[in-house]
Amino acid sequence: MQTNSKKTIFLNLGPSHPAMHGTIHFEAEVDGEIIENIKARIGYLHCGFEKQAESMSYHQYIAVTDRMNYLSPLCNNLAYCLSVEKLLEIKAPKKAEVLRIILAELSRIADHMVWLGTHAVDIGAMTPFFYGFQEREKIYDIFVEISGARMTTSFIRIGGVAKDFTSKSYQMIREFTKNHIRVLNDIDTLLTKNKIWINRTRNIGCILREDAINLGITGPALRASGEPRDIRKLEPYSSYEDFEFEIPLAYKGDVYSRYLVRLEEVRQSIKIINQAVNNVPSGKYILDEYNIACPTQNGKNYISSAEELIHHFKLIMDGHGIRPREGEAYVPTEAPNGELGFYIVSDGTDKPYRVRVRPPSFLHINAVPYMSKGHLISDIVGILASMNVIAGEMDR
């Protein structure tokens, strides 16, 4: 902390602070408790995820995508695999697309539940924190049944998914969606009309629709400012066009509006999951093109021929793998926090020439200073939490 000639104080917030949602650092110039100016300093969690792609095969890099937004890693898998599939000019089987939607929407709920719990506890409401994390654990139990892993599953693969869902997993999903509505209603009762919650969130961190668009804000934060942009509707991928759901909107663009939009988004995700679970088509869950997808798939637990063994060896061993045509590809997806996409450039070899990630958190961190000016120091906590900035995705 230091002073300047204007008699304002420079205050450091983070990077080691329990309310910073990762290693994020703000330099705030304050006049008493009022924020006069604030700058975001990032890069504390830079892991070189994009550069790593240049030395990894297309299949190997799926595991890296898990580590970006670690609250919904399956959504990262999906965005990356869709871009690779576009580069390869292939499409996953219909069954794989529906299974991917189930996984993506479960991940969206898990992400929103962790966001809600941490957001509430930052402001001072403890009970929603326990609700949120309990629901996330139920989703992780489903992921364990499906994939064998909780968080970094690497389950969505190029050409489909790693394996078919078990009958037990469908039962767990149905039970979860049935009970989760009651939990959402409890959270709604606890917070939505709570006077303290309203005072800490309403008219805080407002951003108008035009400003949100100009700053590159997407996802729930943009829809909370009145812009009905949802990639699942506007540019549907993975068969989202076959599902009925609504786009939640609010118009004030404040912390409270972002809370309302995310709460309703969870309800819409449940609606999508129920439709998907009840209408999973028959067929293959991954392509049978062994020069693209590993051959031990679609019900077999073994390699049945020398040809499959050769393809498996070439896909896994360094220096071989899939070799897309020279070119570039980008597929935007609606991740829990906004538009997520992987811009991939191929030079015809078994490794990408360049991978560039378009993460929502990187754009959203730039909007936090804009929304914070004129507010109290304590309001930064709520504003940052309402944008759900994930440091691993932001810094990459």
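Structure shown above.
*Asks:* Can you break down the overall build of the protein residue by residue, with the values?
*Replies:* The number of helices and strands found in the protein is 15 helices and 10 strands. In terms of C-alpha radius of gyration, the protein reaches 22 Å, essentially the compact-globule figure of 21 Å for 396 residues. C-alpha atoms of the protein, sized along the principal axes, occupy 75 × 45 × 35 Å. Here the protein holds 396 residues, and 56% of them are scored as buried.

*Asks:* Can you tell me about the side chain of Arg258, naming the residues and giving the values?
*Replies:* Structurally, Arg258 is set in helix α11 (residues 255-277). The side chain of Arg258 sits in the buried core without any salt bridge; Asp254 is the nearest counter-charge, 6.3 Å away. Setting aside chain neighbours within four positions, we find Arg258 in contact with Trp115, Ile204, Gly205, Ile207, Ala221, Ala224, Gly253, Met371, Ser386 and Met387.

*Asks:* Would you mind going over the packing of aromatic side chains in detail, with residue names and values included?
*Replies:* Per the counting criterion, the structure on display carries 11 aromatic pairs. Each ring, one from Tyr240 and one from Phe245, has its centre 6.3 Å from the other, and the planes form 70 degrees; the classification is edge-to-face. For Phe245, a relative accessible area of 4% puts it in the buried group. An aromatic cluster is defined as three or more aromatic residues linked by ring pairs; in this entry it consists of Tyr61, Tyr80 and Phe342. We note Arg202 situated over the ring of Tyr256; from NZ or CZ to the ring centre the distance is 4.6 Å.

*Asks:* With reference to specific residues and values, describe the pattern of salt bridges.
*Replies:* Summed over the entire model, instances satisfying the criterion amount to 25 salt bridges. Measuring nitrogen to oxygen at the nearest pair gives 2.7 Å for the salt bridge that ties Asp242 to Lys94. Remark: Lys94 occurs in helix α4 (residues 94-123) and Asp242 occurs in the loop between α10 (231-234) and α11; sequence separation between them is 148 residues. Owing to a relative accessible area of 48%, Asp242 belongs among the partly exposed residues under this scheme.

*Asks:* How would you sum up the environment of Arg108? Please name residues and give values.
*Replies:* Tracing the sequence through the fold places Arg108 in helix α4. Once the C-alpha coordinates of Arg108 and Leu74 are considered, the two residues, 34 residues apart in sequence, prove to be 9.3 Å apart. Each residue touching Arg108, except ones within four places of it in the same chain, is listed here: Arg232, Tyr240, Glu265, Ser269, Glu334, Ala335 and Pro336.

*Asks:* I'd like a description of the pairing of strand β4 (residues 34-41), backed by residues and values.
*Replies:* With 7 bridges joining them, strand β3 (residues 25-31) and β4 adopt antiparallel strand pairing. The partner of Glu27 across the bridge, within β4, is Lys39. The turn linking β3 back onto β4 is made up of 2 residues, and Gly32 within it adopts a positive phi angle of 70 degrees.

*Asks:* Before we move on, could you go through the nonpolar core and cite the residues and values that matter?
*Replies:* Counting residues in hydrophobic clusters, the biggest one holds 84 residues, and the most contacted among them are Tyr61, Tyr80, Leu106, Ile158, Phe165, Ile173 and Phe342. Here this core takes 14 residues from α4, the largest share from any one element. Setting aside its immediate chain neighbours within four residues, Leu106 contacts Ile139, Ile142, Phe143, Ile173, Phe176 and Ile273. Grouped together as the second largest cluster of nonpolar side chains are 27 residues, Leu222, Ala367, Val368 and Ala391 included.

What counts, and at which threshold
Residues numbered from 1 in each chain as written. Predicted model: local features only at pLDDT ≥ 70, side-chain atom pairs only at ≥ 80, totals over all residues. Heavy atoms only, no water. Helix = DSSP H or I, 4+ residues; strand = E, 2+ residues; numbered from the N terminus. Rg over C-alpha atoms; globule rule 2.2 N^0.38 Å. Buried < 20%, exposed > 50% of the residue type's maximum accessible area, 1.4 Å probe, protein only. Lys, Arg positive; Asp, Glu negative; His and termini not counted. Salt bridge = Lys/Arg side-chain N within 4 Å of Asp/Glu carboxyl O. Contact = heavy atoms within 4.5 Å. Phe/Tyr/Trp six-rings, centres within 6.5 Å; stacked < 30°, edge-to-face > 60°. Lys NZ or Arg CZ within 6 Å of the ring centre and 35° of its normal. Pairing = 2+ DSSP bridges. Core = buried A, V, L, I, M, F, W, Y, C linked by side-chain atoms within 4.5 Å.

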